[in-house]
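# Survey of secondary and tertiary structure
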Amino acid sequence: MSSDMNALQAKSAAPLDVIVVGAGFAGLYMSYRMRQAGLSAIVLEAGSDVGGTWYWNCYPGARCDVPSLEYSYSFSEELEQEWTWRERFATQPEILAYIRHVCDKFDLRRNIRFDTRVVSANFDDTEALWTLRTQADEAWRARFCVMATGCISEARIPDIAGVESFKGAIYHTGHWPQDGVEFAGKRVALIGTGSSGVQAIPCIAREAAHLTVFQRTPCYSVPARNAPLAPELVAEWKENCATKRAAARVSRVGVLHDYGTVPALETPADVRQKEFERRWIKGGTNFAYAYTDLGRNEQANECAASFVRAKIAEIVRDPETARKLTPVDYPIGAKRICVDTDYWETFNRSNVTLVDLRAEPIQSIGERSVNTQNGAYPADMLIMATGYDAITGALLAIDITTRAGASLRQAWAAGPRAYLGLAVAGFPNLFTITGPGSPSVISNVVLSIEQHVDWIAECLTGLGRQGVRQIEATDDAQERWVAHVQDVASGTLFSKANSWYLGANVPGKPRVFMPYVGGVGVYGNTCREVAEAGYRGFMLDGVESAKSRDVA
Ligand code: NAP
């Protein structure tokens, strides 16, 4: 333990100002801002190093599909200038190297306690203090608690009969061994064809003796067209990064996409086709932003969806395999669009088999096989690319309560309710970075993290100056925000698929659309206005600070 940590540990008899849970992009920047503000803070991290998602997700092919120049911190001009991204879409190792670099540059490690899993957080209303307990039964106390636990961090292994009897290794993409996995000579079974599966499948197929892919829902995937970044492009970015970052902050999803400005349905079919082709060739999620109505109008969406279906039919040689791979029963983008390198092409390999679980569901897992009604598929290794209990999972994994009797698990039993995705009524001095009801997973999450951290940091320093000890969202403001989030989503096609945005991938999870899709720029303005109005919709030391009016 470092001497700083000892000092913090000793100090923890006296409460800290802030406890941050998680040392990913969010927790690290929060810790940086707290140090700058002169507040005492510790970061408690379950992993053995920094990085969060980018620490755990070291599966083959793991890469970000937001351009690397944009999927990075903007808070330090010096950092922007000194770090040079190598590829258009950064690999997991490069992103982790970047996060470690940030950590070292700003000397953040000394405030992080690794291998420390927080299991509960309790707020004592009389002392106005949070006590966080760890798996090792240590207690940490602070005035404020900031959950930087990530939206896609609570991995889900489905409950499949016989899984415990499997004799080979089982890996989840989100808990991949840090020293890698050897596939040579192995018959690998992989379940799941979301973003993680789509990235891992081509890489594993190149090494394994055989790969059997078990697909429940076919995905829409567009090519990444990843490539090394041209030095001129990087130089241009560095020269203009302040302007570019400012533009991203007011954009729709926090990425400088080439956003289409006209509806697909008002565009002639041949022009549309050319535009989709142009975007397909360019690569990346930019494809989904070709027209203004793709996310709202089923007929418009069908134009983009059928373009991708035709591409699948063109690339995949076996018509039956192509048919199985083709998504037909939900709009493109209603589930997170996937971005790949050679995904469709991989199904032309002789060592790859596709199993359509809709036609033949998994019945059980045997000692060396995955069994469906059609027979046993041999497997020496099982890979779960089966996703996450997203957005709320990591928060609810911690038993968050107050002495006054509130419990987050109870409060969210019918689905999450939060004010701006930042705070929860009934839980004073608790903040959730990229919580439910904020743009989070629908946006460039690093940008959204910075926006939340800046807001929280300014809130805490502001409250300190005013001598305010306690801040809490009002029920009323929270209810209005929750209704607004649903209202905005209801104008879109997001409800037309069983996605993790809705919690539909977790049996028993309430089906509630969780992210805010009103736009990153609109959302940022709302948060700013709330703060400028003296934290409208919050109570400061039990008193509603400003006349409540609709933030929505
Ligand atoms: P995911 O999108 O939830 O995909 C999970 C896959 O597992 C789905 O195909 C799902 O099928 C399948 N599955 C789950 N339970 C199953 C069961 N019991 N039987 C059979 N199949 C089952 O998870 P993910 O791929 O890990 O991605 C999660 C999110 O992380 C992404 O949407 C994205 O936001 C982010 N991510 C991004 C990148 C990137 O930047 N390129 C890479 C990886 C992850 P159903 O669809 O039928 O449920």
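A brief report on the enclosed structure follows.

Definitions and cut-offs
- Residues numbered from 1 in each chain as written.
- Predicted model: local features only at pLDDT ≥ 70, side-chain atom pairs only at ≥ 80, totals over all residues.
- Heavy atoms only, no water.
- Near = heavy atom within 4 Å.
- Polar contact = N/O pair within 3.5 Å; in protein donor to acceptor, adjacent residues only side chain to side chain.
- Areas by Shrake-Rupley, 256 points an atom, 1.4 Å probe, with all protein chains shown as cover.
- Helix = DSSP H or I, 4+ residues; strand = E, 2+ residues; numbered from the N terminus.
- Nonpolar A, V, L, I, M, F, W, Y, C, P; charged D, E, K, R; others polar.
- Pairing = 2+ DSSP bridges.
- Axes fitted to C-alpha atoms, helices over the stretch in contact; angles between N-to-C directions.
- Parallel < 35°, antiparallel > 145°, perpendicular 65-115°, else oblique.
- Left-handed = near helix turned anticlockwise from the far one by under 90°.
- Contact = heavy atoms within 4.5 Å.
- Buried < 20%, exposed > 50% of the residue type's maximum accessible area, 1.4 Å probe, protein only.
- Right-handed = clockwise from strand over helix to strand, strands pointing away.
- Core = buried A, V, L, I, M, F, W, Y, C linked by side-chain atoms within 4.5 Å.
- Phe/Tyr/Trp six-rings, centres within 6.5 Å; stacked < 30°, edge-to-face > 60°.
- Lys NZ or Arg CZ within 6 Å of the ring centre and 35° of its normal.

Of all residues adjacent to the ligand, which total 24 residues, the nearest are Thr193, Ser196, Arg216, Thr217 and Lys335. The contact in question runs from an oxygen atom of the ligand to an N or O atom on the side chain of Thr217, over 2.4 Å. Starting from 910 Å² of accessible surface for the ligand in isolation, the protein chains cover 88%. Ranked by the residues each element gives to the shell around the ligand, the list is headed by helix H6 (residues 195-207), at three residues. Looking at the shell around the ligand, its residues break down into nine nonpolar, nine polar and six charged.

If you walk across this open sheet you meet the five strands as E7-E16-E8-E9-E12, and the pairing is parallel. In this open sheet, the two edge strands, each paired with only one partner strand, are strand E7 (169-172) and strand E12 (352-356). Each neighbouring strand pair of the sheet contributes to a mean axis angle of 20°, computed without reference to strand direction. Here five bridges tie strand E9 (residues 210-215) to E12, and the two strands are oriented parallel to one another.

Moving on to the packing of helix H2 (residues 25-36) against helix H14 (residues 445-466). Between H2 and H14, the least distance of the axes is 9 Å, while the angle of their chain directions is 30°. In terms of their interaxial angle, H2 and H14 are classed as roughly parallel. In the crossing of H2 with H14, the sense of the turn from one axis to the other is right-handed. Residue-level inspection shows Phe25, Ala26, Tyr29, Met30, Arg33 and Met34 of H2 in contact with H14, the latter providing Val446, Ile449, Glu450, Val453, Asp454, Ile456, Ala457, Glu458 and Leu460. Across the contact of H2 with H14, the residue classes tally to 11 nonpolar, no polar and four charged.

Going residue by residue along strand E2 (residues 41-44), you find Ala41 and Val43 tucked away on one face and Ile42 and Leu44 tucked away on the opposite face as well. In terms of strand pairing, strand E1 (residues 16-21) meets E2 through four bridges, oriented parallel. Each residue of the ladder has a partner; that of Val18, found in E2, is Ala41. For the crossover that starts at E1, traverses H2 and ends in the parallel E2, the hand is right-handed.

We now examine unusual backbone geometry. Negative phi characterises most residues that are not glycine, and trans characterises most peptide bonds. Backbone geometry at Arg225 places phi at a positive 55°, although glycine is not the residue there. The topology assignment puts Arg225 in the loop between strand E10 (221-223) and helix H7 (231-249). Arg225 sits in the partly exposed class, given a relative accessible area of 37%. The phi dihedral of Asp342 falls on the positive side, at around 70°, and the residue is not glycine. Relative to the helices and strands, Asp342 resides in the loop between strand E11 (338-340) and helix H11 (343-346).

With that settled, the discussion passes to the nonpolar core. If you look at the biggest cluster of nonpolar residues, it comprises 83 residues, and the most contacted ones within it are Phe25 and Trp455. No other element matches H14, which puts 10 residues into this core. Apart from the residues lying within four places of it in its own chain, the contact partners of Trp455 are Leu422, Phe431, Cys527, Arg528, Val530, Ala531, Tyr535 and Phe538. Ala62, Val308, Val316 and Val339 belong to the second-largest nonpolar core, a separate cluster that totals 53 residues.

The subject of this paragraph is the packing of aromatic side chains. The full count for this structure, using the stated rule, is 42 aromatic pairs. Between Trp85 and Tyr98, the ring centres sit 4.8 Å apart and the planes meet at 40°, which makes this aromatic pair tilted. One end of the pair, Trp85, is in the loop between helix H4 (77-82) and helix H5 (92-105); the other, Tyr98, is in helix H5, and 13 residues separate them in sequence. Overall, the relative accessible area of 2% leaves Tyr98 in the buried class. Seen in terms of ring centroids, Trp280 and Phe307 are 5.9 Å apart; in terms of plane orientation they differ by 70°. Their pairing is edge-to-face. On the criterion of sequence distance, the pair formed by Trp280 in helix H8 (residues 269-282) and Phe307 in helix H9 (residues 298-315) is long-range, its members being 27 residues apart. Per residue, the accessibility class of Trp280 equals that of Phe307, and both read buried. A connected cluster of aromatic rings, assembled from ring pairs, spans Phe25, Tyr29, Tyr32, Trp54, Tyr71, Tyr73, Phe75, Trp83, Trp85, Tyr98 and Phe106. The ring of Phe106 has Lys105 lying over it, and the distance from NZ or CZ to the ring centre is 5.5 Å. The ring of Tyr330 is capped by Lys335, whose NZ or CZ atom sits 5.8 Å from the centre of that ring.

The analysis is restricted to geometry; functional conclusions fall outside its scope.
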